[in-house]
Structure formats: C-alpha cells, structure tokens
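Residue strings, one per chain:
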Amino acid sequence: MISLFSNIKLGSPYVRPKNWLARLHLDGWLLLGLAMLLTISLMTIYSASGADWQATQNHVIRMGIAVLLMLVFAQIPPSWLKIVTPWLFVAGFFMLVAVLVAGDMGKGAQRWLDLGFIRFQPSEMMKIVLPMMIAWLFINHDLRIHPLRFILGLLLTAVTAGMIFLQPDLGTALLIAMSGLFVVFLAGLPWKIIVGALAALLASAPIAWNFLHAYQQQRILTFLNPETDPLGAGYHIIQSKIAIGSGGIEGKGFLGSTQAHLEFLPESTTDFIFSVFAEEFGLIGVIALLSVYLFVLIRGLIIAYYAQERFTQLIAASFTLTFFVYIFVNIGMVSGLFPVVGLPLPLISYGGTSMVTLLISFGILMSIHTHKKLLFTKAD
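Here is what the cut-offs are and how they apply
Residues numbered from 1 in each chain as written. Predicted model: local features only at pLDDT ≥ 70, side-chain atom pairs only at ≥ 80, totals over all residues. Heavy atoms only, no water. Helix = DSSP H or I, 4+ residues; strand = E, 2+ residues; numbered from the N terminus. Buried < 20%, exposed > 50% of the residue type's maximum accessible area, 1.4 Å probe, protein only. Contact = heavy atoms within 4.5 Å. Areas by Shrake-Rupley, 256 points an atom, 1.4 Å probe, with all protein chains shown as cover. Phe/Tyr/Trp six-rings, centres within 6.5 Å; stacked < 30°, edge-to-face > 60°. Salt bridge = Lys/Arg side-chain N within 4 Å of Asp/Glu carboxyl O. pLDDT = per-residue confidence, 0-100. Axes fitted to C-alpha atoms, helices over the stretch in contact; angles between N-to-C directions. Parallel < 35°, antiparallel > 145°, perpendicular 65-115°, else oblique. Nonpolar A, V, L, I, M, F, W, Y, C, P; charged D, E, K, R; others polar. Left-handed = near helix turned anticlockwise from the far one by under 90°. Core = buried A, V, L, I, M, F, W, Y, C linked by side-chain atoms within 4.5 Å. Polar contact = N/O pair within 3.5 Å; in protein donor to acceptor, adjacent residues only side chain to side chain. Patch = residues over 30% accessible without salt bridge, like charges linked within 9 Å, V, L, I, M, F, W, Y side chains within 5 Å.

> Run through the overall build of the chain, naming residues and quoting values.
Of the regular secondary structure elements, the chain holds 15 helices and 3 strands. The buried share of the chain, taken over its 380 residues, is 47%. Across the chain, every contact between residues at least 6 apart in sequence was considered, and the portion connecting residues at least 24 apart equals 72%. Carbon together with sulfur atoms contributes 70% to the accessible area of the chain, which is approximately 19300 Å² in total.

> Got a sec to walk through the environment of Met95? Specific residues and values, please.
One can find Met95 in helix α4 (residues 78-102). Note: C-alpha distance between Met95 and Pro122 (27 residues apart in sequence) is 6.2 Å. Look past the residues within four positions of Met95 in its chain and what remains in contact with it is Leu113, Phe120, Pro122 and Met125.

> Lay out the packing of aromatic side chains in plain terms, naming residues and giving numbers.
Taken as a whole and judged by the stated rule, the model has 12 aromatic pairs. Seen from their ring centres, Tyr46 and Trp53 are 5.1 Å apart, and the 55° between their planes marks the pair as tilted. Of the residues examined, Tyr46 reaches a relative accessible area of 19% and is grouped as buried. With a centroid separation of 4.9 Å and 35° between ring planes, the pair formed by Phe277 and Phe281 is classed as tilted. With Phe277 and Phe281 both in helix α13 (residues 273-306) and 4 residues apart, this pair spans about one turn of that helix. Under the relative-accessibility criterion, Phe281 is labelled partly exposed at 22%. By the ring-pair criterion, three or more aromatic residues cluster together here, those being Tyr46, Trp53 and Phe254.

> Mind laying out the pattern of salt bridges, listing which residues take part and the relevant values?
For the structure on display, the rule yields 4 salt bridges. Here Arg299 makes a salt bridge to Asp27, at a shortest N to O gap of 2.6 Å. Placement of the pair is Arg299 in helix α13 and Asp27 in the loop between α1 (20-23) and α2 (28-48), with a sequence separation of 272 residues. For Asp27, a relative accessible area of 5% corresponds to the buried category. In this structure, Glu309 engages Lys82 in a salt bridge whose closest nitrogen and oxygen atoms are separated by 2.9 Å. Of this pair, Glu309 sits in the loop between α13 and α14 (310-334) while Lys82 sits in helix α4, placing them 227 residues apart in sequence.

> Describe in detail the confidence of the model for the chain, supporting the description with residues and values.
Across the chain, the average pLDDT comes to 82, with 80% of residues at or above 70. Within the chain, the lowest mean pLDDT, 63, falls on helix α10 (residues 214-224), and the highest, 95, falls on α13.

> So, unusual backbone geometry: which residues are in play, and what are the values?
You will see that Leu255, though not glycine, has its phi angle at about 70°, which is positive. Among the secondary structure elements, Leu255 is positioned in the loop between α11 (235-246) and α12 (258-261). For Leu347, which is not a glycine, the phi torsion comes out positive at approximately 65°. With respect to the helices and strands, Leu347 occurs in the loop between α14 and α15 (352-370).

> I'd like a description of the packing of helix α5 (residues 122-137) against α15, backed by residues and values.
Interhelical geometry of α5 versus α15 gives an angle of 30° and a closest axis separation of 8 Å. Looking at the two axes, α5 sits roughly parallel to α15. Contact with α5, carried on its side by Glu124, Lys127, Ile128 and Met132, involves Thr353, Ser354, Thr357, Ile360, Ser361 and Ile364 of α15 and no other residues of that element. Of the residues in the contact of α5 with α15, the class split is 4 nonpolar, 4 polar and 2 charged.

> So what about the packing of α14 against α15? Which residues, and what values?
Following both chains from N to C, one finds α14 and α15 inclined at 145°, their axes separated by 10 Å at the closest point. The chirality of how α14 crosses α15 is left-handed. For the pair α14 and α15, contact is made by Thr312, Ile315, Ala316, Phe319, Thr320, Phe323 and Tyr326 and by Ser354, Leu358, Ser361, Phe362, Ile364, Leu365 and Ile368, respectively. Looking at the contact of α14 with α15, its residues break down into 10 nonpolar, 4 polar and no charged.

> Any chance you could break down the nonpolar core for me, citing the residues and the numbers?
If you look at the biggest cluster of nonpolar residues, it comprises 87 residues, and the most contacted ones within it are Phe138, Phe323, Leu347 and Phe362. For this core, the element with the highest residue contribution is α14, accounting for 14 residues. Other than its neighbours up to four places away in sequence, Phe362 contacts Leu30, Leu34, Met70, Val296, Phe323 and Leu347.

> Please provide a residue-by-residue account of the environment of Val129, values included.
By secondary structure assignment, the location of Val129 is in helix α5. The class of Val129 is buried, set by a relative accessible area of 5%.

> Provide a residue-level description of the side chain of Thr160, including the pertinent values.
Tracing the backbone through its elements, the reader meets Thr160 in helix α6 (residues 147-165). Side-chain polar atoms of Thr160 contact the backbone oxygen of Leu156, separated by 2.8 Å. Ignoring sequence-local partners within four residues, the contact set of Thr160 consists of Phe89, Leu96, Met126, Leu130 and Ile176.

> With reference to specific residues and values, describe a nonpolar patch on the surface.
A cluster of nonpolar residues, Val90, Phe94, Val97, Leu100, Val101 and Leu166, forms a patch on the protein surface that exposes about 550 Å² of accessible area. Position of Val97 among the secondary structure elements: in helix α4.

Below, the structure written as structure tokens:
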C-alpha cells in the first residue's frame, strides 16, 4: 500500500492547508478583490459626505466589524453550517413575524427588532439563511429531486420575501427572492416550470400593481418618465443622471463632485453613491470599478464550481449571483434603467448592515474553498 495524503492533520476530515492564508481559511484572490472594493468605498464615502471625518470614521468602524465577522465565518466548516441551517431559518422566520407584530419603525417602515442591547433587521440575516435553507432541501438528492422539494423551495422563498415586502421593503424582498430562486434554478428546476412561472408572473402583474404602496407605484411611474415631475418624484433620478453624465471620460477628480457637495444629489453616500463615483472618476473610473466587481464575481463562481458538495455548490453560486444582482440593480437604478428600489451599491455605500451581511457571505465562500475534505481512493 502506498501512503497517501502525507499532509493530513490527524483527527480532522479536511486537508491541511500549505500556506498561511489557507491556514486562516482565507482565499487570497477573493480577499484582494474585497480589499480593493473597501478601499474604493472609504475614498468615495469621504468625498460624498463632504470630507466628513466623523462619517468616514463611523464607516471604518462598521467596516472593521464586518471584516471581523467575515474572518470568523471563514473558520466555520461548511459541515457545521449544514447542521445549523434549519435552526437558523426557523429563528429567522420567527424574527420576521416579530417584526410584523412589534417591530420598531424607522423612515416609515417597520423593519427593525430592538432587543435592548442591539437593534437590527432580521431581513438582512435572511439574505444568507434563506439560500442556505433551500440548498439544505436538495442535499443527498444528486440524481433526481422530487418535484415536491422544488415546490417547497419556491414556497419558502415566496413566504419569506412576502413577509419582508409587507414591512415594507421592496428592495430587500426582491434580493431575497432572487437568492432563493437562484438555488432552486441551479438545483435543476425543470424548464417547463420556469416558463410557466414566468408566464404566471407576467399575467399577475396588473393584480400585483394594486398591492404596491403608493410611493412604490410612483417610483415605477417616475422610472417610465421622470421628466413629468422634475422637481418632485423625478428629481432624484434626473440629478443622478446629470452627475453620471457630467463626469465624462476622466471625471472631475477626487472631491470634485459638485452634484453631491452642492446637495443636488440626494442620498449621495448610500443609494446614489455610484453617481458620485462616476462624476469624480468618469468612464475610466467606472470601468475600473466594474472590473474589480467582475474579478470578485468570477472568483466566487470558481469557488462554487470547485466546491465538493451539492450544498456548498448551491450556496456559493447563490451568494455570488445575488452579489451580481446587487450591483446590476443599483447601477441600473441610478442610471435610470430601473425603478428606484432603495438598494445600496454593495461594499461601497455607507451603512453597516448590508456590509456585514455581504462580508459574512464572502466569509462562508472562503470557508467553502479552504475546508477541503479528504477524498480517499482505492489503492491498486
């Protein structure tokens, strides 16, 4: 018999990493892309806030907490996550119920739970937990998945997204719906069901319109023709397009965003931060930013491709594709291609909750890539 796997650590089902990054369960390429995005975030926040050191310092603190949580989750083996996933989903579901019953109000929405020592949005937790739960439904069913499991996956996605929509939080509801649907689709949902669901969705659009809040309907009407109310509902998107267009090829330079500094551009550090970046760094800067995003997306898909289990493949692919939806919707929104739904630019916009959620998901991606199980083969 030949002695195999000489670098195996006794008592562990995982291959012992050879370099220090892998020993810390970090992926160097993914870490590089994330570090570049966080650096761009700090620069843009400082400029968009009007060189406000206090706002920038607050952002640094939140960023530090998010990075720390990413490092913690990178240490957790995927097999442990698989075990606790159903319990996390049940806990998250009841927290969403608690939000609807007795949640804290803020900016006209009931989205927060106040536990005394911490105030948070359970919907952010479900961005991670829901795709994990849907993936959990499909483990140990590699060849043929019973149609009832697909139906259950779609039902859990619809109920979770629906509860968040009622808060109301349309942007987060859409993201969570997409994260669950990605898992169902990648698990092998038959095309006839996909086509039928799309047809039903289009047919129900007139009915769904009546369930939207007045401000949500106004956002869609404004998207179709923002010039009808340039000083009212169309103001945000018009100012955003002015900022993007005025950046030109090379931009106005760092701290040169007149739209943000003269307060023509609302929510310049959150939803419309891409407009500030485009005005200051122009088309060249936008291409550079999109290149970094593309680098992170490709690395995430590579990790998903080489994942060893169905569970880890599904959640890695779902996290990566959901990150793409974040980027696509925000940039389309501030460019006037989509209605405004209140989604931040991922890892760039000011705010801790979204950054924490995203970096935890990337920590799980790193865990998936670095916790490689031993694969024994029969010796000749």
